Protein chains: 2
Amino acid sequence: MAAHKYCTVPVNPITQEAQAQQKEGGRKMKKLINDAQDVVKESLAGFAAAHADLVRVHFDPDYVVRADAPVSGKVAVISGGGSGHEPLHAGFVGAGMLDAACPGQVFTSPTPDQMEAATKAVDGGAGVLHIVKNYTGDVMNFEMAAELCQAEGIDVASVVINDDVAVQDSLYTAGRRGVGTTVLAEKICGAAAEKGMDLKTIADLCRRVNANGRSMGMALTSCTVPAAGKPTFDIGDDEMEIGIGIHGEPGRERKPLASAREIIAGMARAVISDLPFKNGDTVIAMLNGMGGTPLIELYLAYNELAAICKAQGITIARRLVGNYITSLEMAGCSVTLLRADEQMLALWDAPVLTAGMRWGI
Amino acid sequence: MAAHKYCTVPVNPITQEAQAQQKEGGRKMKKLINDAQDVVKESLAGFAAAHADLVRVHFDPDYVVRADAPVSGKVAVISGGGSGHEPLHAGFVGAGMLDAACPGQVFTSPTPDQMEAATKAVDGGAGVLHIVKNYTGDVMNFEMAAELCQAEGIDVASVVINDDVAVQDSLYTAGRRGVGTTVLAEKICGAAAEKGMDLKTIADLCRRVNANGRSMGMALTSCTVPAAGKPTFDIGDDEMEIGIGIHGEPGRERKPLASAREIIAGMARAVISDLPFKNGDTVIAMLNGMGGTPLIELYLAYNELAAICKAQGITIARRLVGNYITSLEMAGCSVTLLRADEQMLALWDAPVLTAGMRWGI
């Protein structure tokens, strides 16, 4: 389909000034890349070369599907969004999780033709669930793709994830942003699909996951979008941004650097009080790295989160510690808690075989 | 045992000046930590809280053992070294890989009493293999621990990994440094132990892995040891260090920043020509991140490595792309190739269940 048919809304539009600066100013950013314009395609090519046993990568339009797609009679689960958040989403394509991922340019919504082609490629006759992070471009383009597919007789349901408690509205987003709970929703709904549940049941489950999940992030440093060539925002050597978005959107406050204990306590307080999570709740927790923070710090931060949950009578039944939804090389972390019922825990434990998450197989 | 009995050689000694600077100069480094002196213990506590199903963590002396240790009648496989390289080594403790890991302070050798206690804790009566990265402190302390254990009747074999082709001698190291091949040796020898092979056979296998593995790394940025409080080395905005060590030791050359294509080609050339790897060889490849480089770049870099191997008739039969042996938040990557025979490939494919690597279970 011709690209001009679609309204493509870049999540993070690259200004002409930035492009000019990049061309004139020479190379300032320190990245393992070739041409800034080719980063996504070349990275996808590497992903395809590394994981041919798990996925197939299609180019023009770009999308990633599990190697055995379409799976006949199974609901397909799709997500997508701007690149730069790896392993989200392509790293979660495979048995027990996503059937397809649609990667846009860095921090830029994929186009409806990517989503439409991916939806058709994985439809096994039982319908397709679109899991959409709440960013205006993503929501608009997934909606358009859903309408096009429905017009051709494919049953499509969409669930928007909007779990970020940091701010009500944001740059690029009306309402709350969709962040860490997306990872958990993809795992749980992917397992539900693998077990043969129907589209309506899985969409309801996905809404339930979203309704019970809350997240908040923070940054110690900015990141640099390759095509922009300079940091997304400026931040002082002694400052941090609390409530940051995954594209570097402003958060709640810019504060002096604090200890991990204070940082995690502040974010946990915001997350816990929002739902609110209560004494006696059982949760799946994610202590997520933004891409540039090493594991030694993430485990230290998880130690703080675990102590807080314990003190408040919240049981962490399952957890992830590591880089799952990132912002390029940004240093920082995010906290996600999902109040989980027995069904969610059982689906969490179900086998998953993807590049970024695998167990039970 | 009293600590003074041992010669503890810090891999990266913290100067009194650095300590004074940290105390006087206030907080400059941007890390998710509390007190710089507590980083390793607090991170280990978080690791223990996150992975109680896989491991037990012992403090004073600090070591990590698999949850079901000791496994009676099985050879135990141990490694260890300075912290800051996570997931190495604690992230590789579990069924099918390491029985124990001994984490030292950041970039500092663990002490012999850690290694001795860990060896005793996992000895199941069939002997213990120490896999040691070639750094003077690590080698000396593991030797001392081996002697102490042998004196008490435990059969200990040691294999030193020295796969880094970048430089012949180095800061902290006589001879070649031990880097990426350590990850592959731990997986392969851990699988061999799980299959019931005896100590001599596994030690010989480990030497064969070391003899057939070669690595080289590079850095775009330095890292900052928490207790030092400032970057390990200075590097210009338009420079990179080729052949870097995992503690930021000097490499082969400081060069102007280049494209991923040039960087990977240069490292692959050095690695391939050293063994040398030949047309027709089958390898296990690792494109490893140094901790601060995001996955989108690592897959792009892997794309380059895959193309080079293909052009030279070298078949990548298995691969890892991600952060496996890191240098805190350093941006950069390393390339490891292991010429693998059928036995190594079969052991590679055997089940592994650790925090940092899991499949087949």
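Quick caveat: nothing in here was measured; it's all calculated off a predicted structure.

About the criteria used
- Residues numbered from 1 in each chain as written.
- Chains lettered and ligands numbered in written order.
- Predicted model: local features only at pLDDT ≥ 70, side-chain atom pairs only at ≥ 80, totals over all residues.
- Heavy atoms only, no water.
- Helix = DSSP H or I, 4+ residues; strand = E, 2+ residues; numbered from the N terminus.
- Rg over C-alpha atoms; globule rule 2.2 N^0.38 Å.
- Buried < 20%, exposed > 50% of the residue type's maximum accessible area, 1.4 Å probe, protein only.
- Contact = heavy atoms within 4.5 Å.
- Areas by Shrake-Rupley, 256 points an atom, 1.4 Å probe, with all protein chains shown as cover.
- Lys, Arg positive; Asp, Glu negative; His and termini not counted.
- Charge placed at Lys NZ, Arg CZ, Asp CG, Glu CD.
- Salt bridge = Lys/Arg side-chain N within 4 Å of Asp/Glu carboxyl O.
- Buried area = accessible area lost by both parts, 1.4 Å probe.
- Core = buried A, V, L, I, M, F, W, Y, C linked by side-chain atoms within 4.5 Å.
- Pairing = 2+ DSSP bridges.
- Axes fitted to C-alpha atoms, helices over the stretch in contact; angles between N-to-C directions.
- Least-squares fit on C-alpha atoms with pLDDT ≥ 70 in both.
- Parallel < 35°, antiparallel > 145°, perpendicular 65-115°, else oblique.
- Left-handed = near helix turned anticlockwise from the far one by under 90°.
- Nonpolar A, V, L, I, M, F, W, Y, C, P; charged D, E, K, R; others polar.
- Phe/Tyr/Trp six-rings, centres within 6.5 Å; stacked < 30°, edge-to-face > 60°.

Student: Let's hear about the overall build of chain A: which residues, and what values?
Tutor: A tally of helices and strands in chain A yields nine helices and 14 strands. Over its C-alpha atoms chain A spans a radius of gyration of 19 Å, differing by no more than 12% from the 21 Å that the globule rule assigns to 361 residues. For chain A, the C-alpha atoms occupy an extent of roughly 60 × 55 × 35 Å along the three principal directions. In chain A, which comprises 361 residues, the proportion classed as buried is 63%. Taking the contacts inside chain A whose residues are at least 6 apart along the sequence as the reference set, 74% of them involve residues at least 24 apart. Accessible area for chain A stands at about 12100 Å²; split by element, carbon and sulfur atoms hold 50% of it. Considering chain A, the positive charge centre built from 32 side chains and the negative charge centre built from 42 side chains are found 5 Å apart.

Student: Residue-level account of the pattern of salt bridges, with values.
Tutor: All told, the structure shown has 46 salt bridges over all chains when counted by the stated rule. Where R254 of chain A meets E241 of chain A, a salt bridge forms, and the shortest distance between an N and an O atom there is 2.5 Å. Taken as a pair, R254 of chain A in strand β9 (residues 253-256) and E241 of chain A in strand β8 (residues 239-242) lie far apart in primary sequence, 13 residues in all. Residue K74 of chain B is joined to D99 of chain B by a salt bridge in which the shortest nitrogen-to-oxygen separation is 2.9 Å. Pair noted here: K74 of chain B is in the loop between β2 (63-66) and β3 (76-83) and D99 of chain B is in the loop between β3 and β4 (100-106), with a separation of 25 residues, a long-range link. Just as K74 of chain B is buried, D99 of chain B falls in that class too. A cluster of three or more residues bridged by salt bridges with shared partners is formed by R66, D68, K74, D99 and E194 of chain A.

Student: Please set out the interface of chain B and chain A residue by residue, giving values where relevant.
Tutor: Chain B puts 61 residues into the contact, and the matching count from chain A is 61 residues. Counting the surface lost from both chain B and chain A, the interface buries some 4800 Å², and carbon and sulfur atoms represent 62% of this. The three residues of chain B that bury the most area against chain A are K30, L32 and I296 of chain B, which together make up 20% of that side's buried surface. Summed over the shared surface of chain B and chain A, the number is four salt bridges.

Student: Outline the nonpolar core, listing residues and values.
Tutor: Core analysis: the largest hydrophobic core is formed by 113 residues, its most contacted members being L129 and V183 of chain B. The element that contributes the greatest number of residues to this core is helix α8 (residues 295-311) of chain A, accounting for 11 residues. Apart from the residues lying within four places of it in its own chain, the contact partners of V183 of chain B are L88, F92, M97, M286, L320, Y324, I325 and M357 of chain B. Counting residues in hydrophobic clusters, the runner-up holds 112 residues, among them F107 of chain A together with L257, Y302 and I314 of chain B.

Student: Quick one: what's the story with the sheet that holds strand β11 (residues 315-322) of chain A, residue by residue and with numbers?
Tutor: Residue and element names in this part refer to chain A. Ordered in space as β9-β8-β7-β12-β10-β11, the six strands form an open sheet in which the pairing is mixed. Of all the strands in the sheet, just β9 and β11 have a single pairing partner and so form its edges. Shown here is a sheet whose adjacent strand axes are inclined to one another by a mean of 20°, direction ignored.

Student: If you had to explain unusual backbone geometry to someone new, which residues and values would you point to?
Tutor: Here the bond from A69 of chain B into P70 of chain B is cis, since omega is -5°, no more than 30 degrees from zero. Relative to the elements of secondary structure, P70 of chain B occurs in the loop between β2 and β3. Here the amide bond leading from E86 of chain B into P87 of chain B is cis, since omega sits at 15°, within 30 degrees of zero. The residue L328 of chain A is not glycine, and still its phi comes out positive at about 50°. The residue L328 of chain A is located in the loop between β11 and β12 (332-339) in this model. Residue L328 of chain A is classed as buried on the basis of its relative accessible area of 1%. The residue Y172 of chain B is not glycine, and still its phi comes out positive at about 75°.

Student: Residues and numbers for the relation of the copies chain B and chain A, please.
Tutor: Both copies of the chain are tied together by a single rotation about an axis and a shift running along it. Superposition of chain B onto chain A requires a rotation of 180° combined with a translation of 0.0 Å along the rotation axis, giving an RMSD of 0.0 Å. Such a turn and shift between the copies fits a two-fold axis. Relative to the rotation axis, the C-alpha of G292 of chain B is the closest in chain B, positioned 2.1 Å from it. Interface overlap between copies: 100% of the residues of chain B at the interface are likewise at the interface in chain A, consistent with a symmetric, same-surface contact.

Student: Break down the packing of α8 of chain A against helix α2 (residues 39-50) of chain B for me, citing the residues and quoting the values.
Tutor: With their axes 7 Å apart at the nearest point, α8 of chain A and α2 of chain B run at an angle of 65° to one another. Taken together, α8 of chain A and α2 of chain B sit at an angle that is classed as roughly perpendicular. Pair α8 of chain A / α2 of chain B crosses with left-handed handedness. Between α8 of chain A and α2 of chain B, the residues in contact are L295, I296, Y299, L300, Y302, N303, E304 and A306 of chain A and V39, E42, S43, A45, G46, F47, A49 and A50 of chain B, respectively. Considered class by class, the residues forming the contact of α8 of chain A with α2 of chain B number 11 nonpolar, three polar and two charged.

Student: An account of the packing of aromatic side chains is needed here, citing residue identities and associated values.
Tutor: Taken as a whole and assessed by the stated rule, the structure comprises four aromatic pairs over all chains. Between F47 of chain A and Y299 of chain B, the ring centres sit 5.0 Å apart and the planes meet at 70°, which makes this aromatic pair edge-to-face. Separated into two different chains, F47 of chain A in helix α2 (residues 39-50) and Y299 of chain B in helix α8 (residues 295-311) make up a pair that spans both. The same class applies to F47 of chain A as to Y299 of chain B, namely buried.

Student: Go over the packing of helix α5 (residues 181-194) of chain B against helix α6 (residues 199-212) of chain B, please, and point to the residues and values.
Tutor: Residue and element names in this part refer to chain B. Where α5 meets α6, the axes come as close as 10 Å, and the angle between the chain directions of the two elements is 155°. The pairing of α5 with α6 is recorded here as roughly antiparallel in orientation. Regarding α5 and α6, the two cross each other, and that crossing is right-handed. Contact residues: α5 offers T181, A185, I188, C189, A192 and A193, while α6 offers I202, L205, C206, V209 and N210.

Student: So what's going on with the sheet that holds strand β1 (residues 55-58) of chain B? Residues and values would help.
Tutor: Sheet strands pair via backbone hydrogen bonds, and the direction of the pair is either parallel or antiparallel. All names here are of chain B. Judged by pairing direction, the sheet is mixed, and its six strands sit side by side in the order β1-β2-β4-β3-β5-β6 without closing on themselves. Single-partner strands in this sheet number two, and they are β1 and β6 (156-161). Each strand axis lies, on average, 20° off the axis of its neighbour in the sheet, ignoring direction. Sheet topology places β1 next to β2; four bridges connect them, and they run antiparallel. In the sheet register, V57 faces β2, and the bridge partner there is V64. Contacts from α6 reach β5 (128-133) and β6, with the element oriented near 5° to β6.

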